[in-house]
Amino acid sequence: MLDMELKLTVARKDGLMLTVGRFLSDNGFSIVKQQFDQGSGVLLVLVRGAEAGLPGLFEALGNSEHIASFESHRIDGDKPVKPPAAATTASPSKAAPANSPMREADIERQLPLLAHDFPVVLPRLLTMERLMPESQRADTLRAIGRRLGAWIYKRDYSLGGRLSADNMNKRIALPALEQITTAKLVGNNFVLDASPFSLTPDAAPKCHFFCGYLEGVLSEANGGRPLVVQETLCRANGHSSCMFEASS
Amino acid sequence: MHGVQCQHDLILMILSFAVSVLSSLTALQLAMAIPSARTSNDRWIASALAGFAMGGGAIWSMHFLAMLACKMSIPVTYDAGLTALSIIVAVTSCSIGLAVAGAGPLSAQRLMTAAGLMGLGVAGMHYIGMAAMIMPADTAYNMTMVLASLVVAFVASGAALWLAFNMRGPLQMLGSAVVMGIAVSGMHYIGMAAASFEPTEAAVREATSFTFGGEQLGLLIFGLTVGLLAILFTTNWARQRQRASLTI
């Protein structure tokens with residue numbers, strides 16, 4: 001049995017204690033003591049359990065959307081217990097130090113996790129966005145959106161006849177978008193009133209993921225012929241909603 | 001002499017509707033391969049298979065099951081030659097109708113053409129099937145009701161095609177199959193209401209080849225229905241497997 005201190009940097013507080021408790025008990029650990037620092041957003045947990053449970057625990061903590069990063073220290077030893085390599089790269093926060101470019105291999109590793117999480121993909125995407133340098137965000141998030149959009153079209157919307165552009169928007173793209181977030185169609189424009197990517201004010205549009213997602217869905221619906229989606233209005237730029245328009 | 005009355009067996013009537021809906025579902029599942037066919041060969045094969053399921057299963061089987069449900073006080077057999085012609089008309093019309101519907105975006109013109117062909121298949125099969133009846137009675141038709149039966153066949157076929165090729169989602173297929181079942185059954189029972197049978201003492205006409213009695217027809221219908229159900233389950237299973245193996 002070993003005693004270990006876990007220092008968890010919190011990404012999301014709601015449901016945190018329940019989630020952490022579940023991870024620990026699933027991997028044979030019990031909580032000896034815990035302390036949450038509101039100011040720094042760090043949860044310190046003293047746990048006891050068998051060393052055999054460490055890989056599973058580290059993997060669960062690494063993949064959790066509640067936890068941005070974590071460190072572990074053995075109490076009776078003078079060196080930290082090193083998490084296994086797989087767990088360190090499974091979470092976007094482990095892929096690279098914050099604001100270093102995300103490697104293509106790390107992005108590819110996240111894609112199956114996004115597919116697994118679907119439709120609850122926004123927390124993971126927001127974490128990835130936060131960890132990427134600003135110069136990488138637009139292209140990478142758009143590319144991820146395209147892959148996810150194409151995948152969801154093939155999974156859920158490919159059976160049926162060929163549709164006109166209006167019907168593609170109404171019967172395929174809008175329902176696909178509504179699986180992830182609240183959306184509506186105004187004319188030929190997709191409108192989001194609550195895109196989480198647009199919360200920080202900026203001079204340029206910020207919802208690159210949704211542009212890519214719509215591109216992925218619509219290009220597949222269009223028989224593989226590419227369509228380009230532009231964000232014509234963004235809440236980050238001071239508008240009341242985010243608006244997207246597709247064109248061939 | 002009083003006209004011969006047709007007393008309908010309720011259980012067989014319900015069965016005939018169920019066969020029509022299930023066969024339509026099979027046909028429409030197969031028809032979904034038409035829009036995504038890469039070569040014209042593939043498109044015609046998909047159309048022929050879907051047309052066989054629709055014409056042979058939904059229309060022909062439904063008609064003869066409903067005729068078995070119609071109990072008359074005179075002996076009735078069916079001319080094999082005309083019975084075979086009726087299935088050929090149904091399958092050919094439906095194959096072409098589905099090919100037209102699946103060839104491109106479902107414009108009003110394309111929908112009307114496809115619905116016209118399908119309606120022709122439904123009605124043509126019914127009235128050739130009626131002509132195949134060999135019995136000591138003459139058949140007379142109320143032309144107003146015959147026209148009504150044609151309108152029902154056309155309108156309901158159009159609705160079914162619109163649902164199948166224009167919509168997406170779980171209700172698309174089932175809704176379309178139910179509407180097609182209503183098209184076929186509605187046309188049949190209005191057509192039967194349009195017919196009156198006057199007993200005659202003239203010699204019963206010779207069959208063009210051999211004749212089918214009720215038992216042989218029942219076995220044929222059973223075999224066809226089981227075959228179509230097997231295709232339905234296999235198609236569904238293959239699609240579920242394909243869906244589960246989709247990677248992002």
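The coordinates are above.
Below is a short write-up of the structure. (Residues numbered from 1 in each chain as written. Chains lettered and ligands numbered in written order. Predicted model: local features only at pLDDT ≥ 70, side-chain atom pairs only at ≥ 80, totals over all residues. Heavy atoms only, no water.)

The next point concerns the overall build of chain A. The helix and strand tally for chain A stands at nine helices and eight strands. Its C-alpha atoms give chain A principal-axis dimensions of roughly 65 × 40 × 30 Å. A buried classification covers 48% of the 248 residues belonging to chain A. Across chain A, contacts joining residues at least 24 apart in sequence account for 64% of those joining residues at least 6 apart. Of the side chains in chain A, 27 bear a positive and 27 a negative charge, and the two mean positions are spaced by 2 Å. (Helix = DSSP H or I, 4+ residues; strand = E, 2+ residues; numbered from the N terminus. Buried < 20%, exposed > 50% of the residue type's maximum accessible area, 1.4 Å probe, protein only. Contact = heavy atoms within 4.5 Å. Lys, Arg positive; Asp, Glu negative; His and termini not counted. Charge placed at Lys NZ, Arg CZ, Asp CG, Glu CD.)

If you tally the helices and strands in chain B, you get seven helices and seven strands. Listing the helices and strands of chain B from first to last along the sequence gives β-α-α-β-β-α-α-β-β-α-α-β-β-α. Scaling as 2.2 N^0.38, a compact globule of 248 residues should have a C-alpha radius of gyration of about 18 Å, and chain B matches this with 19 Å. In chain B, which comprises 248 residues, the share counted as buried stands at 47%. Of the contacts made within chain B by residues no fewer than 6 positions apart, 87% connect residues no fewer than 24 positions apart. Approximately 11,300 Å² of chain B is accessible, and the part contributed by carbon and sulfur atoms is 69%. Distance between charge centres in chain B, computed from 9 positive and 8 negative side chains, equals 31 Å. (Rg over C-alpha atoms; globule rule 2.2 N^0.38 Å. Areas by Shrake-Rupley, 256 points an atom, 1.4 Å probe, with all protein chains shown as cover.)

A separate point is the interface of chain B and chain A. Contacts between chain B and chain A engage 19 residues on the former and 20 residues on the latter. Of the roughly 1,700 Å² buried between chain B and chain A, counting both surfaces, carbon and sulfur atoms make up 55%. The largest share of the area that chain B buries against chain A comes from R168, L246 and I248 of chain B, three residues that together contribute 46% of it. Linking chain B with chain A are one salt bridge, by the criterion used here. Linking chain B to chain A there are ten residue pairs in polar contact (both at pLDDT 80 or more). Counting residues per element, the ones that place at least two in the side of chain B that touches chain A are helix 5 (143–166) and helix 7 (214–244) of chain B. For the side of chain B that touches chain A, a count of residues per class yields eleven nonpolar, four polar and four charged. (Buried area = accessible area lost by both parts, 1.4 Å probe. Salt bridge = Lys/Arg side-chain N within 4 Å of Asp/Glu carboxyl O. Polar contact = N/O pair within 3.5 Å; in protein donor to acceptor, adjacent residues only side chain to side chain. Nonpolar A, V, L, I, M, F, W, Y, C, P; charged D, E, K, R; others polar.)

The end-to-end C-alpha separation of helix 3 (residues 80–102) of chain B is 33 Å, in line with the 33 Å expected for 23 residues at 1.5 Å each. One side-chain oxygen at the N-terminal end of helix 3 of chain B lies 2.8 Å from the backbone nitrogen of G81 of chain B; it belongs to D79 of chain B. (Expected span 1.5 Å × (residues − 1).)

Quick look at the pairing of strand 8 (residues 242–247) of chain A now. All names here are of chain A. Here strand 6 (residues 189–192) runs beside strand 8; their pairing, made up of four bridges, is antiparallel. If you follow V191 over to strand 8, its bridge partner there is M243. As defined by bridge partners, strand 7 (residues 228–233) adjoins strand 8 across five bridges and the pair is classed as antiparallel. The residue of strand 8 that forms the bridge with L233 is M243. (Pairing = 2+ DSSP bridges.)

Our focus in this paragraph is empty space enclosed by the protein. Residues and elements named next belong to chain B. Counted by the stated rule, this structure contains one cavity of 30 Å³ or more. As a volume, the largest cavity reaches approximately 40 Å³. In terms of lining residues, the largest cavity is bounded by I59, M62, H63, V122, M125, H126, V184, M187 and H188. Sorting the residues of the lining of the largest cavity by element identifies helix 2 (40–69), helix 4 (108–131) and helix 6 (170–194) as the ones contributing at least two each. Considering only residue class, the lining of the largest cavity consists of six nonpolar, three polar and no charged. (1 Å grid on protein atoms, 1.4 Å probe; cavity = no way out; pocket = protein on both sides within 12 Å on 5 of 7 lines; lining within 4 Å. Points joined across faces, edges and corners; volume = space filled by probe spheres on them.)

Our focus in this paragraph is the sheet that holds strand 2 (residues 29–37) of chain A. All names here are of chain A. As summarised here, the arrangement of the four strands in space is 2-3-1-4, forming an open sheet in which the pairing is antiparallel. The outermost strands of the open sheet, each flanked by one partner alone, are strand 2 and strand 4 (67–74). The mean inter-strand angle of the sheet, taken between neighbouring strand axes irrespective of direction, is 20°. The pairing of strand 1 (residues 2–10) with strand 4 spans seven bridges and is antiparallel. In the sheet register, K7 faces strand 4, and the bridge partner there is E71. Packed on one face of the sheet, helix 2 (residues 54–63) meets strand 1, strand 2 and strand 4 and runs near 10° to strand 1. (Axes fitted to C-alpha atoms, helices over the stretch in contact; angles between N-to-C directions.)

Further remarks concern the packing of aromatic side chains. All names here are of chain A. Going through the model one piece at a time under the given rule, you end up with ten aromatic pairs over all chains. Summarising the aromatic geometry, the rings of F197 and F210 are spaced 5.7 Å apart at their centres and angled 80° between planes, so their arrangement reads as edge-to-face. With F197 in the loop between strand 6 and helix 9 (208–221) and F210 in helix 9, the pair connects residues that are 13 residues apart, well separated along the chain. F210 matches F197 in its accessibility class, with the two residues each being buried. Ring centres 6.3 Å apart and planes at 70° place the aromatic pair F210 and F244 in the edge-to-face group. Placement of the pair is F210 in helix 9 and F244 in strand 8, with a sequence separation of 34 residues. (Phe/Tyr/Trp six-rings, centres within 6.5 Å; stacked < 30°, edge-to-face > 60°.)

In this structure, the largest pocket occupies an estimated 1,400 Å³ of space. What lines the largest pocket is a set of 39 residues, among which K154, Y157, S158, L159 and G160 of chain A lie closest to the centre. Elements with a minimum of two residues in the lining of the largest pocket: helix 7 (134–157), helix 8 (165–178) and helix 9 of chain A together with helix 6 and helix 7 of chain B. Among the elements that take part in the lining of the largest pocket, helix 7 of chain B stands out by supplying seven residues, more than any other. A class-by-class count of the residues in the lining of the largest pocket yields 15 nonpolar, 14 polar and ten charged.

All names here are of chain B. A cluster of nonpolar residues, M112, L147, L150, V151, F154 and V155, forms a patch on the protein surface that exposes about 540 Å² of accessible area. With five residues, helix 5 is the single largest residue contributor to the nonpolar patch. Relative to the elements of secondary structure, M112 occurs in helix 4. (Patch = residues over 30% accessible without salt bridge, like charges linked within 9 Å, V, L, I, M, F, W, Y side chains within 5 Å.)

For the rest of this paragraph, the subject is the sheet that holds strand 5 (residues 184–186) of chain A. Backbone-to-backbone hydrogen bonds pair the strands of a sheet. The strands run either parallel or antiparallel. Residue and element names in this part refer to chain A. Taken in spatial order, the four strands make up an open sheet running 5-6-8-7, and their pairing is antiparallel. Edge strands, defined here as strands with exactly one partner in the open sheet, are strand 5 and strand 7. Across this sheet, the average inter-strand angle for adjacent strands is 35°, counted without regard to direction. Sitting on the sheet, helix 8 touches strand 5 and strand 6, and the angle it makes with strand 6 is about 20°.

On to the state of the cysteines, then. For the structure shown, the criterion picks out one disulfide over all chains. Here C6 of chain B is linked by a disulfide to C70 of chain B, with a sulfur-sulfur distance of 1.9 Å. Placement of C6 of chain B in the segment before strand 1 (7–8) and of C70 of chain B in strand 2 (residues 70–71) is noted, with a sequence separation of 64 residues between them. Using a relative accessible area of 9% as the deciding quantity, one classes C70 of chain B as buried. As a non-bridged cysteine, C211 of chain A has C207 of chain A as the owner of its nearest cysteine sulfur, 7.3 Å distant. (Disulfide = S-S within 2.5 Å.)

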